[in-house]
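Residues per chain, in single letters:
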Amino acid sequence: MASPRSLGQLGPPPPPPPPPPARLLLLLLLPLLLPLAPGAWGWARGAPRPPPSSPPLSIMGLMPLTKEVAKGSIGRGVLPAVELAIEQIRNESLLRPYFLDLRLYDTECDNAKGLKAFYDAIKYGPNHLMVFGGVCPSVTSIIAESLQGWNLVQLSFAATTPVLADKKKYPYFFRTVPSDNAVNPAILKLLKHFQWKRVGTLTQDVQRFSEVRNDLTGVLYGEDIEISDTESFSNDPCTSVKKLKGNDVRIILGQFDQHMAAKVFCCAYEENMYGSKYQWIIPGWYEPFWWEQVHTEANSSRCLRKNLLTAMEGYMGVDFEPLSSKQIKTISGKTPQQYEREYNNKRSGVGPSKFHGYAYDGIWVIAKTLQRAMETLHASSRHQRIQDFNYTDRTLGRIILNAMNETNFFGVTGQVVFRNGERMGTIKFTQFQDRREVKVGEYNAVADTLEIINDTIRFQGSEPPKDKTIILEQLRKISLPLYSILSALTILGMIMASAFLFFNIKNRNQKLIKMSSPYMNNLIILGGMLSYTSIFLFGLDGSFVSEKTFETLCTVRTWILTVGYTTAFGAMFAKTWRVHAIFKNVKMKKKIIKDQKLLVIVGGMLLIDLCILICWQAVDPLRRTVEKYSMEPDPAGRDISIRPLLEHCENTHMTIWLGIVYAYKGLLMLFGCFLAWETRNVSIPALNDSKYIGMSVYNVGIMCIIGAAVSFLTRDQPNVQFCIVALVIIFCSTITLCLVFVPKLITLRTNPDAATQNRRFQFTQNQKKEDSKTSTSVTSVNQASTSRLEGLQSENHRLRMKITELDKDLEEVTMQLQDTPEKTTYIKQNHYQELNDILNLGNFPESTDGGKAILKNHLDQNPQLQWNTTEPSRTCKDPIEDINSPEHIQRRLSLQLPILHHAYLPSIGGVDASCVSPCVSPTASPRHRHVPPSFRVMVSGL
């Protein structure tokens, strides 16, 4: 190991020895010069001089003292505290028979001057047992790095730079003041207290702040706290502040000096990053009322003072606690408050320093360390004295080092304990409230506890800010009252459909219902009820069922609605097709279309539906998808944002499958419209639903188009969408069922025979021309012969009663015309039989040629009745004399009987009432020719 001399060569070379007279003069003046020299004091100023017999324990004091250096105020401010500590230690005889001899050396916060002072102290001063001091980081780090070579332990009271925490590089360095990194565990505790798990950092590009930021990253790592963004700046912080806002950082941990702090808060004001949604945590070691000092600079950046204070309101500062707030006696026997009063009294005109408490405790740490070292030496067998220490004594240097690590007492700054050379002190939290800083809590590093002073923290909002924009994912659900209302309407619709079904089944044997195909009517009702049922399924969402069940409902409701539509309209169109097949294809000789064939047609339509749905389900089934919408503010005004979620039933190729379904349904509807148009002139209401089909198709088509468009536009509003879909289904199903069944119900209740009275078919003009060319007439026949017979018998009975009444009227008229009994007898004998023959025409069960043949034979046998012929000899007589003659009576009857014949025979299948001429024979008209049996059409199932 090199000698102290050789190590001392690192400093400037010693001056040459003065001549003997000068040396004698220097020895005489040395006691007077030492108190005035800036290099060193033999003891603390103001302290009583020790007795000459007490050996000193020299301590090297390194700190700035001159007024030319800004940090010189720190050294000057702690000297009163150092003097108090040395005086109290000497009074307690803690180091008897020794006393502390603190020799101060001014480093002037300059590396060269500080290093020269250190080497001069080693070369020209006594053997210093320890080094006390170290304020400026650069000077302190240079000296601390060389301490191991001199076996010296250094204790600093003001060096807070985190660089000195590296024990591999500075193993002999200790400090009573917590380092800047010591605030990081306190910040961690504060974050956990308010449950802030997401933060961002804003750091000035200075090594001191960068070191703190790096250490904070390590502290937060693994603590379930995310550093979402790390920003740094050199001169203009606005860009970094804007990035923090863009990343939704709410809790900002800042590391910058007080001059940059003004710029930061001005940028925060411009970006609106203050108030109830944000919390700034910055260093708390700024000068008191620092914002007043930087006001001019803030104004230069176009930031008004009130804007700066507005943005600063509520920020938290973190710094070490200068003095403990506990009312507990310290190692000196005085409470921190008592010590503070003595310090203020002793410093007189010297400005205070916030490090004075750490300097006071530092002197006590040195005294206790030396005391333990002496005890260790006394207990050893080496019989070595502590004043025998030199810079090459590694053993004694290690003893002092170990004694320093064992320090543990309660001082004026709190519990004094070292962990790897770092002080485990107390960290305080302050908050800027109404233009002043208020202490709101403190962190005890020894106990790792955070104490928040009750009712001192004031946040801008009703609660602490959130660490991020709280996104409340809210599933948009269908309103329960809306679902209840629409379900009630749906139930009413199903009750109506059930009533129609009951009506249809109950009256299935009625002629009106039989002719309208009751089985097809049942299918129409079934399709309507399936459509109603789908409404219940469309209203079930995540608020009622699970995700798996909802996915199943996606398929089920699509199948039910599709099948219901096809069943209802397929049955309606099948009925219309049968009417079209019978009445438009007049060249058919005979055709029977039963309900079984119509069922096959409807089944074919459903089979196409099933093929499409099965392929859809197998290839690309419907899945539950959740669509996220843009965030919305909370309606209740809370500091949260709501992200609406909406469930949909979708698949990969949704557009293609919907296009296939819509195309098929559209073609089916167009086919129905074509059939309705073609059969519009069929005049049997029981058979022809074309008018109602047209109305149904029109309403359903318009409503479906409007409903689909509005539903697509309101897909982000489930209540509106469900309401529109449900109302469209209810309207379409209800209007279809009502158009099909209400007219039948009204007709059956008011005039049950009106639907079948007019059995003649009125065609268009082109069709009439075709009928005249082919000389054919199509007659409608009922499906069942028995039903047709019952209807004709009822009609025959009614007509016979009518003719009987007319016959009585005719007899009365005839009797009035007769003057003599002979004429009456003549009329009865010659014409009564003919009238009975006419009346007997109604007894035929069908409008067959037999009835017409009887009428024709009757007319052939009585040509005078038919052609109204008279004898020429009678025409020249006087009309008055011959008015009651048998010839005149016969002539009048020959005119009246054909009129009656033309008026009433159409009601029983005879002559057309349109043939009003009594002079033309009914057999001469093509309409009353005998229709061959080959052109009859039997309608089955109508």
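Residues numbered from 1 in each chain as written. Predicted model: local features only at pLDDT ≥ 70, side-chain atom pairs only at ≥ 80, totals over all residues. Heavy atoms only, no water.

Engineer: Explanation requested: the overall build of the chain in the structure shown.
Structural biologist: In terms of helices and strands, the chain carries 31 helices and 20 strands. When the 942 residues of the chain are sorted by exposure, 46% land in the buried category. Summarising the internal contacts of the chain: among those between residues at least 6 apart in sequence, 74% fall at separations of at least 24. Working note: accessible area of the chain is about 46400 Å², and carbon and sulfur atoms make up 58% of it. (Helix = DSSP H or I, 4+ residues; strand = E, 2+ residues; numbered from the N terminus. Buried < 20%, exposed > 50% of the residue type's maximum accessible area, 1.4 Å probe, protein only. Contact = heavy atoms within 4.5 Å. Areas by Shrake-Rupley, 256 points an atom, 1.4 Å probe, with all protein chains shown as cover.)

Engineer: Please explain helix α4 (residues 111–124) as it appears in this structure.
Structural biologist: In an α-helix, one turn spans 3.6 residues, which is why side chains three or four residues apart end up on the same side. The terminal C-alpha atoms of α4, which comprises 14 residues, lie 20 Å apart, in line with the 20 Å expected from a rise of 1.5 Å per residue. Turning to α4, its buried residues number three or more, namely Gly114, Ala117, Phe118, Tyr119, Asp120, Ala121 and Ile122. Capping the start of α4 is the job of one residue whose side-chain oxygen sits 3.1 Å from the backbone nitrogen of Ala112: Asp110. (Expected span 1.5 Å × (residues − 1). Polar contact = N/O pair within 3.5 Å; in protein donor to acceptor, adjacent residues only side chain to side chain.)

Engineer: I would appreciate a short explanation of the nonpolar core in the present structure.
Structural biologist: As a rule of thumb, nonpolar side chains are buried together in soluble globular proteins. If you look at the biggest cluster of nonpolar residues, it comprises 107 residues, and the most contacted ones within it are Phe118, Phe132, Phe157 and Leu370. When residues in this core are grouped by element, the largest group, twelve residues, is from helix α15 (residues 356–379). Those residues within four positions of Leu370 in sequence are excluded, and the remaining contacts are Leu57, Ile59, Leu95, Leu100, Leu129, Met130 and Ile386. By size, the runner-up hydrophobic cluster in this structure holds 56 residues, among which are Met520, Ala574, Ile582 and Cys649. (Core = buried A, V, L, I, M, F, W, Y, C linked by side-chain atoms within 4.5 Å.)

Engineer: How do you make sense of empty space enclosed by the protein when you look at a structure like this?
Structural biologist: Vacant regions in the atomic arrangement are exposed by a probe of water-molecule size rolled over the atoms. Tallied over the entire structure, the rule returns twelve cavities of 30 Å³ or more. Volume-wise, the largest cavity comes out at about 200 Å³. Taken together, 25 residues line the largest cavity, and the ones lying closest to its centre are Asp180, Val183, Val212, Gln255 and Val318. The set of elements that each furnish at least two residues to the lining of the largest cavity consists of α7 (183–193), β6 (198–204), α8 (207–220), β8 (251–255), β9 (279–283) and β10 (316–320). Split into classes, the residues belonging to the lining of the largest cavity amount to 14 nonpolar, seven polar and four charged. When we break the lining of the largest cavity down by domain, the ones giving at least three residues each are domain 1 (56–179 + 328–422) and domain 2 (182–325 + 430–469). (1 Å grid on protein atoms, 1.4 Å probe; cavity = no way out; pocket = protein on both sides within 12 Å on 5 of 7 lines; lining within 4 Å. Points joined across faces, edges and corners; volume = space filled by probe spheres on them. Nonpolar A, V, L, I, M, F, W, Y, C, P; charged D, E, K, R; others polar. Domains from an automatic or database assignment.)

Engineer: Help me out: how do you make sense of the sheet that holds strand β1 (residues 56–63) in this one?
Structural biologist: Where strands meet in a sheet, backbone hydrogen bonds hold them as pairs that are either parallel or antiparallel. The parallel open sheet is built from five strands, whose spatial order is β2-β1-β3-β4-β5. Each of the sheet's edge strands pairs with one partner strand only, and the pair in question is β2 (99–106) and β5 (173–175). Taken pair by pair, the neighbouring strands of this sheet meet at an average axis angle of 25°, ignoring direction. In the sheet, strand β3 (residues 130–133) pairs with strand β4 (residues 153–156) via three bridges, with the strands oriented parallel. (Pairing = 2+ DSSP bridges. Axes fitted to C-alpha atoms, helices over the stretch in contact; angles between N-to-C directions.)

Engineer: Whenever I open this one, the state of the cysteines confuses me. Can you help?
Structural biologist: Linking two cysteines covalently through their sulfur atoms gives a disulfide. Inspection of the entire model under this criterion finds three disulfides. The residue that forms a disulfide with Cys109 is Cys136, at a sulfur-sulfur distance of 1.5 Å. With Cys109 in the loop between β2 and α4 and Cys136 in the loop between β3 and α5 (137–145), this pair connects stretches of sequence that are 27 residues apart. Taking relative accessible area as the criterion, Cys136 reaches 6% and is therefore assigned buried. (Disulfide = S-S within 2.5 Å.)

Engineer: Just checking my understanding: could you explain the side chain of Gln154 for this structure?
Structural biologist: With respect to the secondary-structure elements, Gln154 resides in strand β4. Non-local contacts of Gln154, meaning those with residues more than four positions away in its chain, are made with Val131, Gly133, Gly134, Thr140, Ile143, Ala144, Leu147, Tyr172, Phe173 and Phe174.

Engineer: Can you help me understand the packing of α15 against helix α16 (residues 394–405) in this one?
Structural biologist: When two helices pack together, their arrangement is given by the angle between the helix axes and the distance between those axes. Remark: α15 packs on α16, axes separated minimally by 8 Å, with the N-to-C direction vectors making an angle of 125°. Here α15 is positioned oblique relative to α16, judged by the angle of their axes. As for how α15 packs across α16, the hand of that crossing is right-handed. Counted together, Val365, Thr369, Arg372, Ala373, Thr376 and Leu377 of α15 and Leu396, Ile399, Ile400, Ala403 and Met404 of α16 form the full contact between these two elements. Split into classes, the residues belonging to the contact of α15 with α16 amount to eight nonpolar, two polar and one charged. (Parallel < 35°, antiparallel > 145°, perpendicular 65-115°, else oblique. Left-handed = near helix turned anticlockwise from the far one by under 90°.)

Engineer: Even after reading the chapter, I still don't get the pairing of β3, so can you show me in this structure?
Structural biologist: Residues in a regular strand point their side chains to alternate faces of the sheet. Here four bridges tie β1 to β3, and the two strands are oriented parallel to one another. Residue pairing in the sheet places Leu62 in a bridge with Gly133 of β3.

Engineer: Could you clarify how one ought to interpret a negative patch on the surface in this entry?
Structural biologist: Taken together, the side chains of Glu805, Asp809, Glu811 and Glu812 present a region of like negative charge at the surface. Assignment of secondary structure puts Asp809 in helix α27 (residues 785–817). Residue Asp809 is classed as partly exposed on the basis of its relative accessible area, which comes to 43%. (Patch = residues over 30% accessible without salt bridge, like charges linked within 9 Å, V, L, I, M, F, W, Y side chains within 5 Å. Salt bridge = Lys/Arg side-chain N within 4 Å of Asp/Glu carboxyl O. Lys, Arg positive; Asp, Glu negative; His and termini not counted. Charge placed at Lys NZ, Arg CZ, Asp CG, Glu CD.)

Engineer: Before we go on, may I ask you to explain the packing of aromatic side chains in this structure?
Structural biologist: Given two aromatic rings, one states the distance between the centres and the angle between the planes to describe the pair. Scanning the model with the defined rule gives 31 aromatic pairs in all. Among the aromatic residues, those joined into a cluster by ring pairs are Phe209, Phe265, Trp280, Trp285, Tyr286, Phe289, Trp290, Trp291, Tyr315 and Phe432. Above the ring of Phe174, the side-chain terminus of Lys167 is found at 5.0 Å from the ring centroid. Across from the ring centre of Trp285, 4.3 Å away, lies the NZ or CZ of Arg208, which sits over that ring. (Phe/Tyr/Trp six-rings, centres within 6.5 Å; stacked < 30°, edge-to-face > 60°. Lys NZ or Arg CZ within 6 Å of the ring centre and 35° of its normal.)

Engineer: Just checking my understanding: could you explain the UniProt feature "transmembrane region" (unreviewed entry) in the chain for this structure?
Structural biologist: Per the UniProt record, "transmembrane region" (unreviewed entry) is annotated on residues 480–503, 523–544, 556–577, 598–619, 654–677, 697–713 and 719–742. Note that residues 523–544 is 73% helix and 0% strand, and that its end C-alpha atoms are spaced 32 Å apart. The distance separating the terminal C-alpha atoms of residues 556–577 is 31 Å; by composition the span is 100% helix and 0% strand. (UniProt positions renumbered as here; feature names shortened; annotations may be inferred.)

Engineer: When you look at the environment of Cys554 in this model, what are you seeing that I'm missing?
Structural biologist: Within the secondary structure, Cys554 is located in helix α20 (residues 547–583). Sequence spacing of Cys554 and Leu540 is 14 residues, and the spatial spacing of their C-alpha atoms is 9.9 Å. Apart from the residues within four sequence positions on either side, Cys554 is in contact with Leu622 and Cys649.

Engineer: Explain helix α3 (residues 72–91) here, please?
Structural biologist: Between its first and last C-alpha, α3 extends 29 Å over 20 residues, near the 28 Å set by a 1.5 Å rise per residue. Remark: the principal bend of α3, roughly 30°, maps to Leu79, with a proline, Pro80, within the next four residues. Taking burial as the measure, the 20 residues of α3 include 15 buried ones, the bulk of the element. Immediately downstream of α3, the backbone of Ser93 shows phi near 50°, a positive value. (Bend = angle between axes of the 7 residues up to and from the residue.)

Engineer: Would you mind showing me how to read the sheet that holds strand β13 (residues 422–423) here?
Structural biologist: On the basis of which strands lie adjacent, the open sheet formed by three strands has the order β11-β12-β13 and antiparallel pairing. Looking at which strands have only one partner, the edges of the open sheet turn out to be β11 (408–411) and β13. Direction of pairing for β11 relative to strand β12 (residues 414–419): antiparallel, over a ladder of four bridges. Within β12, the position partnered with Phe409 by the bridge is Val416. Seen against the sheet, α15 touches β11, β12 and β13 and runs at an angle of roughly 145° to β11.

Engineer: How should the side chain of Thr335 be read in this particular structure?
Structural biologist: Note that Thr335 resides in the loop between β10 and α14 (336–347). Looking at Thr335, the relative accessible area reads 11%, which means it is buried. Beyond its immediate sequence surroundings of up to four residues, Thr335 is in contact with Gln327, Ile328, Lys329 and Thr330.

Engineer: It is not clear to me how the pattern of salt bridges should be interpreted in this structure. Could you clarify?
Structural biologist: Any two side chains of opposite charge can pair, given that their charged atoms come close. In this structure the tally under the stated criterion is 24 salt bridges. Overlapping salt bridges bring together Glu321, Lys439 and Glu442 as one network.

Engineer: Explanation requested: a nonpolar patch on the surface in the structure shown.
Structural biologist: A grouping of Ile485, Leu489, Ile491, Leu492, Ile495 and Leu727 is seen on the molecular surface, where their side chains present a nonpolar patch of about 550 Å² in accessible area. Among the elements that line the nonpolar patch, the one with the most residues is helix α17 (residues 480–506), at five residues. Examined against the element boundaries, Ile491 turns out to sit in helix α17.

Engineer: I would appreciate a short explanation of the confidence of the model for the chain in the present structure.
Structural biologist: Any segment with low pLDDT has predicted coordinates that should not be analysed in fine detail. Summary statistics for the chain give a mean pLDDT of 77 and a share of 74% for residues scoring 70 or more. Across residues 754–784, confidence stays below pLDDT 50; counting only partners more than four residues off in sequence or on other chains, it has 54 contacts. Low pLDDT, under 50, characterises residues 900–942; the predicted model gives this stretch 86 contacts beyond four residues in sequence or across chains. (pLDDT = per-residue confidence, 0-100.)

Engineer: Hey, could you run me through unusual backbone geometry in this one?
Structural biologist: Generally, phi is negative for residues other than glycine and the peptide bonds are trans, each holding for most cases. A cis amide bond, omega 10°, links Arg96 with the succeeding residue Pro97. You can see Pro97 is positioned in the loop between α3 and β2. Of note, the phi angle at Asp224 is positive, near 60°, even though the residue is not glycine. One non-glycine residue, Asn272, lies in the positive phi region at around 60°. With respect to the helices and strands, Asn272 occurs in the loop between α10 (258–270) and β9. Residue classification places Asn272 among the partly exposed positions, given a relative accessible area of 45%.

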